[in-house]
Amino acid sequence: MTGDTYLTVAGPAHTSFTVQGSEFIGHTRPAETVAAAEAFVDEIRAEYDDATHNVPAYRVRADPFREWASDDGEPSGSAGKPALNVLQGQEVENVVVVVTRYYGGTNLGVGGLVSAYGQSVKDALDAAEVVEERPHEPVGVTVDYDDSGTVRGILEGWDCEFDADYAERVSFDVRVPVSEVEALRDRLRSATSGRVELS
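(A) View of the nonpolar core. By size, the foremost hydrophobic cluster in this structure holds 22 residues, and its most contacted members are Phe-24, Ala-57, Leu-87, Val-95, Tyr-117, Val-121 and Leu-125. Residue contributions to this core peak at six residues, all from helix α3 (residues 109–128). With near-sequence residues (within four places) excluded, Leu-125 lies in contact with Val-9, Thr-28, Val-86, Leu-87, Gln-90, Val-92, Val-95 and Val-130. Membership of the second largest hydrophobic core comes to 15 residues, among which are Cys-160, Val-170, Val-174 and Val-176.

Rendered as structure tokens:
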């Protein structure tokens, strides 16, 4: 977990294929926290509660770094590990996958399962599109109306995403690349002569 950038998926996706009567559906989505990854696993398990297996795997840039997988009742090492191996092999992070299997009456054997679960995760990642992402940090910015135009101008020219809320005062919820947080804070402080509130 080094460097300023990491690979993850651009958005949610799902794919499916059939092997000897068994249907395999691969679901994936970005997840910035372990809680988000686990919520997605629970969501898929609830939506596909009639499936024979829902095999999850995730890798999340938490502190400490977390990666986890489960065979969900398949023979040990035949499902969760191959799913996680694909995530590791493609070096994607902040991503969660669940492979849903509807049993089709033919046993695939451990080798067949390893292949099918691995392929399902590969297909889902391809469909979701692997992209390079930079670690971001949320920054809360609050100012009076007098300073809001200045602050908005700085944010629009900065490499960040933000939402503005115009209430009694103006608050900006900003997502800034971690490597730029201090520079942005300094810039906002100097531009408003220290009147900005940062959280």
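(B) Quick look at helix α1 (residues 34–47). Here α1 spans 20 Å end to end across 14 residues, near enough to the 20 Å set by a 1.5 Å rise per residue. Of the positions making up α1, those classed as buried are Val-34, Ala-37, Phe-40, Val-41 and Ile-44. Buried residues in α1, looked at end-on, bunch into an arc of 130 degrees, giving them a common side. More than 90 degrees from the buried face of α1, the exposed residues found are Ala-35, Ala-46 and Glu-47. The inward-facing, buried residues of α1 abut β3 (22–30), β4 (53–60), β5 (66–69) and β6 (95–102).

(C) Summary view of the sheet that holds strand β8 (residues 136–143). In spatial order, the strands read β9-β10-β8-β11; together these four strands make up an open sheet with antiparallel pairing. Bordering the open sheet on either side are β9 (161–166) and β11 (197–198), each of which pairs with just one other strand. Bridging between β9 and strand β10 (residues 170–177) involves six bridges; their strand directions are antiparallel. Residue pairing in the sheet places Asp-163 in a bridge with Asp-173 of β10.

How each quantity is defined
Residues numbered from 1 in each chain as written. Predicted model: local features only at pLDDT ≥ 70, side-chain atom pairs only at ≥ 80, totals over all residues. Heavy atoms only, no water. Core = buried A, V, L, I, M, F, W, Y, C linked by side-chain atoms within 4.5 Å. Buried < 20%, exposed > 50% of the residue type's maximum accessible area, 1.4 Å probe, protein only. Helix = DSSP H or I, 4+ residues; strand = E, 2+ residues; numbered from the N terminus. Contact = heavy atoms within 4.5 Å. Expected span 1.5 Å × (residues − 1). Arc of directions from axis to C-beta. Pairing = 2+ DSSP bridges.

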